[in-house]
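Results of the structural survey
What follows is each chain in one-letter form.
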Amino acid sequence: MVPTANASKPIPKRKGLPWVGSTFDFARDPLAFLTGLQQRYDRLVQFDAVGRLITLTLTPEDAKHILQENNRNYVKSDAYEVLKMFLGNGLLNSEGDFWRRQRRLAQPAFHKQRLALLVEGMNRETGELMARWKNRTLEKPLLISEEMMQLALAIVTHSLFSSDVKNHLDNVSESITIIIETAYKELFNFFPITRKWPTPRAIRYRRAVAKIEGIIYEIIHRRQTAALPAQSHDDLLGMLMEAQDDETGERMTNQQLRDEITTIFMAGHETTANALSWALYLLAKHPEVAAKVRDEINRVLGATRFPTVETLRELPYTTQVIQETMRLYPPAWIFGRQPLQSDQFGAYRLTVPGANGVLICPYLLHRDPRYWEKPDTFDPDHFRPEAVKLRPTYAYLPFGGGPRLCIGNHFAMMEMQIVLSLLVREFDFQPVDTREIRPEPGITLRPKGGLRLRVLPRRTTG
Ligand code: HEM
């Protein structure tokens, strides 16, 4: 956007405490803090936190401007720093020409056609979970949040390595859990220097990273030295190993493969697991919606068939339920950017140096009454095609937008459709009590205290 002569309105600023600004208000209850700002300001607001001047954007137009129209003026914020030791220079946090090349190389592996090869694995992992659930004591509620986490981890692990990782599954699962928990604890650690100290937590974390790394390198090595070429593995690792730069003919180095694989592990399982947990929670609370989902599934898949890429396209209502779930509980509830140069937002000037963090918050945009008929109500009709057409595109951005749009969005949608349709066909989900589960904002938006539901096998499938 080009500045005009009278374009000099300062962005309004929330006054905080001397020196610490709004740091503690933000850290104490980020959702309440940000929602409070949304209620008082209509487009942009700044506040001081952790020694920085942060700018919160509140409209789809400005989200689009940052993520798409003027995306070259914004780089990823250092919020990803916590995960950097594990993720290295993977797609999530690399920048510039390196990111562009890696994205070009990785993109084909995530095309819908290639993803079709992963449907079978997703069906199988979900099938194994269902078999386990059917053999348990019915009275005891299940810790669904943990069940979904393990399922999503099994699916992403299988999608990456096919059966090559079979012997390592427990190690992968244990290590990833340690890595995620450490990242959560470090998220609000305002003294990053302490991360370098040899605390028991840091030592456990480093060991977990080393363990995963060892497994990844071992599998890569085995494939590189095997008689069969990597391509013969219909999994993400096989596709990434085969990917070749059009211009230079180069392939990814082992280090790059390692970074992309850890990134896919991280970006690709907790997000999906949380969305699935929230979906089951909402369906348990809204049996009339669950009944409509079940009708659709029974109509398309009958009582026993597993979904295929073709039949997934015939589940529009189930898809709307997933979209509506991610509206209310977007797993990536907030993300940040660093402006490189000053920028103009209508009459407001974002001044650099000065402003050093810009926030885009799907959680706020997804509940803004300016764009949603019933912002706080779970209603899959918000995603009827007629309703979608009336909204600005960036009013709904669970997968981000612009060139850094989530590369795994089709993977995630496919996985959620498969898991949800199979589980809802086979089981009834009921709340354990009437208490509302609150979202807990961390790296992703988790159900606070975990989500427990009663899970009852359905005797009939109609
Ligand atoms: C419901 C599930 C998911 C949600 C809500 C989600 C959300 C997002 C969002 C919002 C971004 C952009 C972040 C930013 O712009 O700062 C992103 C990026 C990314 N996601 Fe996802 N994601 C999901 C599932 C997945 C899956 C299943 C995979 C891989 C299998 C994946 C891999 C990635 C990667 C590699 C990036 C970085 C892309 C780049 O910058 O080029 N995500 N995701």
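Residues numbered from 1 in each chain as written. Predicted model: local features only at pLDDT ≥ 70, side-chain atom pairs only at ≥ 80, totals over all residues. Heavy atoms only, no water.

An unreviewed UniProt entry annotates the protein as Cytochrome P450 originating from Larkinella bovis.

Every regular strand shows the same layout, with side chains that alternate between the two sheet faces. Most of strand β2 (residues 52-57) is tucked away, with 5 of its 6 residues classed as buried. In terms of strand pairing, strand β1 (residues 44-49) meets β2 through 6 bridges, oriented antiparallel. Paired with V45 across the strands is L56, a residue of β2. In textbook terms, the turn of a hairpin is the stretch between consecutive antiparallel strands, and for β1 and β2 this stretch comprises 2 residues, one of which, V50, has a positive phi near 45 degrees. Sheet analysis places β2 next to strand β8 (residues 355-360), joined by 5 bridges and oriented parallel. Across the sheet, L53 pairs through a bridge with A355, a residue of β8. (Buried < 20%, exposed > 50% of the residue type's maximum accessible area, 1.4 Å probe, protein only. Helix = DSSP H or I, 4+ residues; strand = E, 2+ residues; numbered from the N terminus. Pairing = 2+ DSSP bridges.)

Bringing the sheet that holds strand β9 (residues 427-431) into the picture now. Taken together, 3 strands build an open sheet; the order of strands is β4-β12-β9 and the sheet is antiparallel. The sheet is open, and its two borders are formed by β4 (142-143) and β9, each paired with just one other strand. One ladder, built from 2 bridges, connects β4 with strand β12 (residues 452-457); its direction is antiparallel. Looking at β12, one finds that L142 is bridged to L453. Most of the contacts of helix α12 (residues 254-285) go to β9, to which it runs at about 80 degrees, and overall it touches β9 and β12. (Contact = heavy atoms within 4.5 Å. Axes fitted to C-alpha atoms, helices over the stretch in contact; angles between N-to-C directions.)

A few words on the nonpolar core. Among the nonpolar cores identified, the biggest contains 122 residues, and L34, L56, W133, I144, M148, L423 and F429 are the most heavily contacted of them. Tallying contributions element by element places α12 first for this core, with 15 residues. Counting the residues that make up this core, at least three belong to each of domain 1 (1-82 + 331-365) and domain 2 (89-330 + 366-457). Those residues in contact with L56, other than ones at most four positions away along the chain, are L34, L37, R43, L44, V45, F47, L359, C361 and L364. (Core = buried A, V, L, I, M, F, W, Y, C linked by side-chain atoms within 4.5 Å. Domains from an automatic or database assignment.)

Here we come to the site of the ligand. In the region of the ligand, 28 residues are neighbours, and W99, R103, R337, R404 and C406 sit closest. Residue K76 places a side-chain N or O atom 3.3 Å away from an oxygen atom belonging to the ligand. Contact between the ligand and R103: an oxygen atom at 2.7 Å from a side-chain N or O atom of the residue. Secondary structure elements with two or more residues in the shell around the ligand: α5 (96-106), α12, β5 (335-339) and α18 (409-426). Among the elements that line the shell around the ligand, the one with the most residues is α12, at 6 residues. Residue-level mapping places the shell around the ligand at the junction of two domains, with at least three residues from each of domain 1 (1-82 + 331-365) and domain 2 (89-330 + 366-457). (Near = heavy atom within 4 Å. Polar contact = N/O pair within 3.5 Å; in protein donor to acceptor, adjacent residues only side chain to side chain.)

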